[in-house]
Structure formats: C-alpha cells, structure tokens
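Structure assessment
Residue-level listing of the chains:
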Amino acid sequence: MARNLVPALLFVVAILLLTTITFFAWRWSSRFAIFPVAALWVTAGALSWQFQPAPPAQRELVQYADGLSRMVRGHVVRVRKLPLQNKPFDQDNDPAWWIEREPEALAGLSVDIAVDAMEEVTPDVSRMVPVAGGVRTTVLSQDGHLPDLTCGDVIEAPLRLRTPLRYRDPGAWQYADYLLAQGISVHTTARVAKIRVLSNTSISAKCRLFAAQSWASEKMLTFVESKVNRRMPSLFRLTEDDAGMLNAMLFGDRTRLNHSLRVGFERTGSFHLFVVSGMHVALLAGLVLWTLRRLRVSEWVATFITLPTMAAYAFLTGFGAPVQRALFMTAVFLIARLIARERSVLNALGAAALAELVWNPASLYEASFQMTFLAIFAIAGIAVPMGERSFLPWAKASRKLNQLWLDPVLPPRITQFRVMLRLWDEELAEVFGSWISRLPIFLIRSALWISELALIGFVAELVMALPMALYFHRATIFALPANMLTIPVIGLLAPLAIVTFLFSLISPILAMPPSAATAALLHCIQQIIANVSHFHAADLRVPGPAWWVALLAFLIWIFCMWAIRRASILARIAVLALPLGTLLVLWPERANTTANKLEITAIDVGQGDSLLVVSPDGHTALVDAGGPVGGLNEAAATVSNFDIGDQVVSPYLWSRQIRQLDVLVLSHAHSDHMGGMAAVIRNFHPRELWVSASPDSDAYRALIHAAADLGVQVRYLYAGDDVLWGGTQVKVLAPEPGYKNAFQPSNNDSLVLRIEYGLSSVLLEGDAEALSEENMLSRGLEPVTLLKVGHHGSKSSTTQAFFTALKPKDAVISVGKNNTFGHPRGEVIQRIADNGTKLFRTDEFGLTTFLLDRDGSIQATPVLP
C-alpha cells in the first residue's frame, strides 16, 4: 500500500476508523476482534513506511561524474582493507570497474567518503562548492604501503568520479541501488600519493560499527598470519581462505570470502552457515550462559551478563539486520526464561519481527528478513508440532532417566518406555558390564535425535523452496543431507571459533588448541560441501514462481500450521498438503514467448553482446552472454562475486520462465561476448553449443570442457552451412570454410548468422570487421529486416558497402553507457540515419525486443524506459 504512494492522510483516517471498530469488536467478541486488529497493524505499518525517508538520490553529486578529474573533500565514514592481488577490482563487485583501467597495484583499501565539497571547474576559474553525497573509493598502492585512514579523517584528493553501471533488464541485480542504500552514489579509484589528510572530525556511531567489524576481522587475520599458526600441520592450520569464512560467519565481513568456496555452499543450500544469523547468536548466548551457570553465577546475574555480551557481539558484526533480529529473539527468550514464562518460539518470532519493522519498516521487503522468519515459521510452526504428535515425546523421555519423579506426570506409554530403557540398562550391565549397558540407550537417543534433525530440515527445506526460487533461482536438492551433516559440526565450530578469537587477543600460543580444532572442523565441512556440490543435480536453477503461485503456496503452509494442531484427520491432511506448496513453487510454467513471431531481444549487458532469439514455435537460443571487456584476472575472478551471466543474463531468462535453452551461440571468444557463458551453460544446460573458430584461449577451452561435462553437443559452423531451427532457416555467413585461428581471439573469428522467417530476416554480426564483411559481400548479400550492428558500432565494422547491401529497416547496437571506446562512432550512426533505418541502442533504450512477422513486418519494443 505504501509503495503505491497512498496518501498518508488516508492511512491516518483508516487507523482511527479501525481503532473504533476494534474497540466495539473486542467488547462483542475477542475472537472476532482479531480481524480489525490485524487490519490496524497492517495500516499502521504502511504509515510507518511512509515516515521512513527513502535514500536520497544524490543527483547534485552525480552530475559531477562527468569524466573530469576534480578535487574532492570529505570525511571518512568506512575503511576496509582489500585482499592483495595483481590488479584492482571494486570491493563490492562493481560490474563496471573494468571500464576505466588502472595501473597494476599490490594492495588497496576500500574507503567510503561523505563528501563535503567538490571542485567546480569553469573556463575561467576553479572553486570548491559544498556538495553532499557518498563516494566509494578504492585506494591503490604499488609498493604495498597504505595510508593510515580512520573514521572521521577529513581528506582531499583529485578523483575521477563514475556512476555505477545500471543494467536495464527485468530481474537484473542493480549495483547502483545496493550502493545507494549505503549512502553511496558514485565510485572511483585513487593512488595513495594523491590523498591528503587534512584533519579529523567526530566519529559517527555507524562509523564506529564498521570500525569494530574491521578491527575484529583484522585480528583474526593477524592470528592466521602468526608463526604459531603457520607452523601447524595443514589439517590443523587456519589459512587466509579459512579466515575469510570465519570472518563472514562470526563478524559478517565477507571481504575475503573465497568465491569458489562460496559457490559450493550456495549450490547445497548451506550458505546460511556462513552468514551471521540467529543460529550463531543463539550458540554464543548459550555458551556464555552455560559458562556462567557452571561458575555458580545466579540466574538473574547470568542473564544480565549474557544480554550485554550479545549486544557487544552484535556491535562487532556491524549490527546488520539478521543480527538485530537474532538479538531481539534471544532477549525475549532469556527474559521469558528469567520470569518463568512459557517460552514460545512463535511469540519470540513475533516480538522480533515487530521490533525489526518498527526499527526499519523497509526490511519487510528484504530477502534476509523474509527468509529468517519463514524458516522459523516452518520449524516452530510446523515441524516441531508435527514432531510433538509423533516421536518427540519419546525423544524427550529418553533423557534424564535417573529422575524418577518425572514418570508419574508423563502419559502411561511414555512412562513405560522410560521403565523399559532402565530395565535394559540393568540387564545389560549384569551380562556385559556397565561399559556397554549405556550403548542401546545411546543408539536410541541418537536415532531419535537424527529423526528430529531430519524432520526439521525436511520441513524447513520444503518451505524455504519459495524464497530460494524467488530470490536465488535455486532448487537445493541436496540441502537436507548437506545441512544434516554440517549443522552439528557448526554447533561445535562456532563456539570454538569464538574462543579462538578471544584467546588470540591474549596470545597466539593460548589460541593454538582451539584454533587447531576449529581448522579441523572447518576443513571437514569444506570437504563435505565440495563432494556434495560436485553433483550436477546440486546446481538446479529454476525461475521464480508467479505471485499468485507464491501466495497460494504460503496459504497452504498457513493451513498446515493450523491443521497440525487440530484433530487427527486434519493433521494427516496437513502432512499431505505440506509438500503440495513446494510442488506448486517448483512446477514448470510455460515460457513467456510470442507464438508465430520471430523474436530478437537485445539484452542490456553494458559494453558487451547478448541476444535472446525465440523461434516462431517457441525454441530458444542465446547468442553471446556479455562480460567484462578485457576479462577478469585470476585474483579478481576468485574474489569477485559478480558474474554478468549469473546476475544479469540469467535473471532475465528466468523472468521469461525459461528453464532450458535449446541453443547457445558463441560469436567469438572475446570476454565481452563470452564472459557470462560459463554461468549460462551451468544454469540452462543448452542442448547445443554453436561455435566457429577455436582460438588460443584458456577461457574458450574451459567453456568447451564445461559443455562436454554437461553433455552439451558442440557444433562447429562455417560460411555455407544451413540449419533448420524452430521453423526458421539459419544461414551461416562467416567465417570462411576452413577458417583457423591459432592465436588470441580476434573480431574476425565472429560467427555471423542470418535467420530467415518468411519474408523477415535478421543478421547477427557479432564483432565482424571490414575484412569479414568484404568476404560476405563477395558471396552476395540480400537485404534484411533487422541488423545487429557489428562491434558495438565501431568504425572498423558496418562499412558503407556492407550496410548498403543489407538495407535494414531496424538496427540495434549493444553498447555500454559512457564507455571509453567511443562506441558507437558518429560516422556509423550517420550512415544508419542516412539510410532511414531506425536505430535502437541498449545504452539509451535498455533491453529491446523485436518481433518479426512472416510478412516482413517488424515491431520494436524497449522493455524498460
């Protein structure tokens, strides 16, 4: 309601009206009053949303991102050390960091600056003018020396500001929005020598939070680099990658989280283990409380020591939203326990949700908020009551067998079970001795505990299928066994890691024993996840369901939560209905295509190429998949989590409900065409991969190997080849038959395709240049309806003779906004205009769809403004 800009006055009137209705309804029937009360809370929440200001767009600062080097003055609000590497990359995986290349660097800092003043340059004078906004600056050093910047430092430096690249495609992740939520609107890089520290101002509370998080992470890294740790055997030695995982798990700092390890946990649905969450907070609270109680500290004192300890830990993690929720829930539980109130997970969940929404109403739309509460809803609302109606009473009865006073208060069957366990214990002790008498009881308890863990995991994974499909497009087939194997280990790992961190603050030698155990457990988890994630079925990607399917699934689970507590017949229905919601979420929907039309969609991938081709009968092909110009170096690729194929191209295909591609086409092996293909081939398992030249490229060979590994048929096409595909005829125009390239990939490797449908046709040129165009002209070219202009509108392609022969009605150029190559060139644009051809550019129109009819007509539709 609030997102649709309903006037605040209407909410105020509605609240007054609903309050009156609630008063009379409560006097009449408390059961009936729940409906106006619920409506009252919803309306109050919508009003709270409007009171929360949206992040300012910072348009005044953005206008200075014009390519000029300007003096910027501001104060530091956050400092993070970047991992050592050969070339710079943006700390938060900015997909546009490669547009303006910097000299090689050995080390760097990520520094957030709150701008105070900006240099304004005119032909006559240069002056500093007050400007507000945020800049994320990557500070680079070639000699490894970094400035000692701290929160509150007022600094000045000449900076060339850039706005984050924005992909105008449905479903694409927007780095610009991610930054703006943190108060950042532009980003840049700077050399160490250019930064001057002028003074220091007061430090904000937010900056102190960031500083505490960075301090904790650096302390963990310092211990990892210590001589004591490095001398340990490999199994018991913490590495830098291990430190990155522990920092992410304990302090919420993902700066050094290794990408390859992260992917394995994402595929198995266990990445939540390495995000600061309720489990980690609960484990720490339990450890502190247990320790204090063992020291004979009273219940009240132990509770009021535990709560500030948890608040301090939340401070170390940066006090992010997941930690806030966990802290609220832990506080509710401990206080309820202290005053001898019944501890209800759902009540604690409601209290934490209310506190979080009062603190930040916008969190209602955050994936982490929804997933946290949906998981607890599944466990506490469905799984535990389901267990209570089956084996959980027996599991509880198998504990504390020596407390005979419990027997009379339990149901007769449960009491009989406890008596039988004690008799077995006595009989076995007489025959085999006391050393084996406890084994049957231990096995029974273990079986019941495993059953409890399996039930909780199974129900949670069924319900979590909805947010996983909506936000991450994953169906985590192996999440249940992976979590069953790793969660018990995490229960030991997290407390040990915390003890390691605390002891390392005193002495590395003192931290050695817990660090050795931590390393062994962490390496065990890594090995388990690595083995499970290698199965192809572990990486099943799916489109998100339609809104009505998601709503229906959620209503089914609400029914299950209610029915499982009712009569036996309703409980049985709930058990049967539970997987139905998951089945609805994952049920394949028909792909969103236009029948009897040839569709060409130019996807906005910045300075790269990617086109979706849909045949008249619904077959799908993707030609190229975008990527960074020049490619990513190994270090950056390892650490960076941004993949244009996974976060731009694939989300658009999923938004069209496409689950599998029929054909994947690689025009040539340059990174701005091939960079996203590895992700696309994993996500959509195409039936065929069309290529031409096989250049000397490790990335190209890796792609061919990935195709063979997934059973994708690779077809090599050359000029003169014809393919009947999906009711169209595909003619290959280049490269020449027998074309070879034993060197680095080149533009003239491009596979040029002409697709014909009735009187309509389209020519997809890749990056073919003048030489390739001359060869095509020599064999004769016929006019086309639509032309994908070659090489992003470079002057090396789309020669006058070539364009005159084609005479397209429409033309499209895939090009990045404000690119440094000068694409598209003015002479090419003029050539297209002189022919009367309509020109569409992805940097101006974003994603654009062309529908070609059999009669030769064409309709162009930019999907986003």
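Above this text sits the structure in question.
The present account deals with the structure reproduced in this document. Each chain carries its own residue numbering, running from 1 in the direction its sequence is written. Where totals are concerned, whole chains, interfaces and linings use all residues; where local detail is concerned, this predicted model gives features only for residues with pLDDT of at least 70, and gives and counts side-chain atom pairs only at 80 or more. Heavy atoms throughout the structure, all of them, feed into the side-chain values; hydrogens and water do not.

Comment: elements are numbered from the N terminus, with helices defined as DSSP H or I runs of at least four residues and strands as E runs of at least two. Within the chain, the regular secondary structure consists of 30 helices and 23 strands. Restricting the calculation to C-alpha atoms gives the radius of gyration, and the globule rule supplies 2.2 Å times the number of residues raised to the power 0.38. The globule rule puts the C-alpha radius of gyration for 865 residues at 29 Å, and the 31 Å found for the chain is close to it. Overall, the chain is about 100 × 70 × 65 Å in size when its C-alpha atoms are taken along their principal axes. Within the chain, contacts between residues separated by at least 24 positions form 71% of all contacts whose residues are at least 6 apart in sequence. Note on areas: Shrake-Rupley with a 1.4 Å probe; residue coverage comes only from the protein chains shown. Carbon together with sulfur atoms contributes 63% to the accessible area of the chain, which is approximately 39,900 Å² in total. Looking at charge distribution, the chain has the averaged site of its 74 positive side-chain charges lying 9 Å from that of its 72 negative ones. Whether two residues touch is decided by their heavy atoms; if any such pair falls within 4.5 Å, the residues are in contact. When charges are counted, Lys and Arg are positive and Asp and Glu negative, with His and the chain ends excluded. Charge positions are represented by NZ for Lys, CZ for Arg, CG for Asp and CD for Glu.

For the rest of this paragraph, the subject is helix α2 (residues 34-51). The span expected for a helix works out to 1.5 Å for each residue beyond the first. With 18 residues, α2 ought to run about 26 Å at 1.5 Å a step, and its terminal C-alpha atoms sit 26 Å apart, in line with that. Here the term buried applies to any residue with accessible area under 20% of the maximum for its type, exposed to any over 50%, and partly exposed to those in between, with areas from a 1.4 Å probe on protein chains only. Taken together, the buried positions of α2 are occupied by P36, T43, A46 and L47. Viewed along the axis of α2, the buried residues span an arc of 100°, placing them on a single side of the element. When the buried face of α2 is taken as reference, the exposed residues oriented beyond 90 degrees from it are I34, W41 and V42. Where α2 is buried, its residues meet α1 (8-28). It is the directions from the helix axis to the C-beta atoms whose arc is reported.

Each Phe, Tyr or Trp ring (for Trp, its six-membered ring) is paired with any other whose centre lies within 6.5 Å, and the angle between the two planes then decides the class: stacked below 30 degrees, edge-to-face above 60, tilted in between. Within the structure shown, the criterion is met by 18 aromatic pairs. Considering the side-chain rings of F23 and F24, the 5.3 Å spacing of their centres and the 75° angle between planes classify their relative orientation as edge-to-face. Here a set of aromatic residues connected by ring pairs shows up, and it is made of Y167, W173, Y175, Y178 and F642. By definition here, charges over rings are those cases where NZ of Lys or CZ of Arg is within 6 Å of the ring centre and within 35 degrees of the ring normal. Cation over ring: R78 sits above F210, and NZ or CZ is 3.9 Å from the ring centre.

To continue, consider the layout of surface pockets. Taken as a whole, the second largest pocket holds about 1,700 Å³ of empty space. The way it works is a 1 Å grid over only the protein atoms, where trapped points that fit a 1.4 Å probe form a cavity and open points with protein on both sides within 12 Å along at least five of seven lines form a pocket, and then any residue with an atom within 4 Å of a point lines it. Forming the boundary of the second largest pocket are 36 residues, of which V42, A353, L357, L364 and F369 lie nearest the centre. Grid points are joined across faces, edges and corners, and a volume is the space filled by probe spheres set on the points.

Working definition: a disulfide is two cysteine sulfur atoms within 2.5 Å of each other. Summed over all chains, the structure comprises one disulfide. Covalently, C151 is tied to C207 through a disulfide, its sulfur atoms 1.9 Å apart. On the S-S bond that ties C151 to C207, the torsion sits near -105°, and the link is left-handed. You can see C151 sitting in the loop between β3 (126-141) and β4 (153-160) and its partner C207 sitting in helix α5 (residues 205-224), a full 56 residues away along the chain. In terms of burial, C151 and C207 fall into one category: buried.

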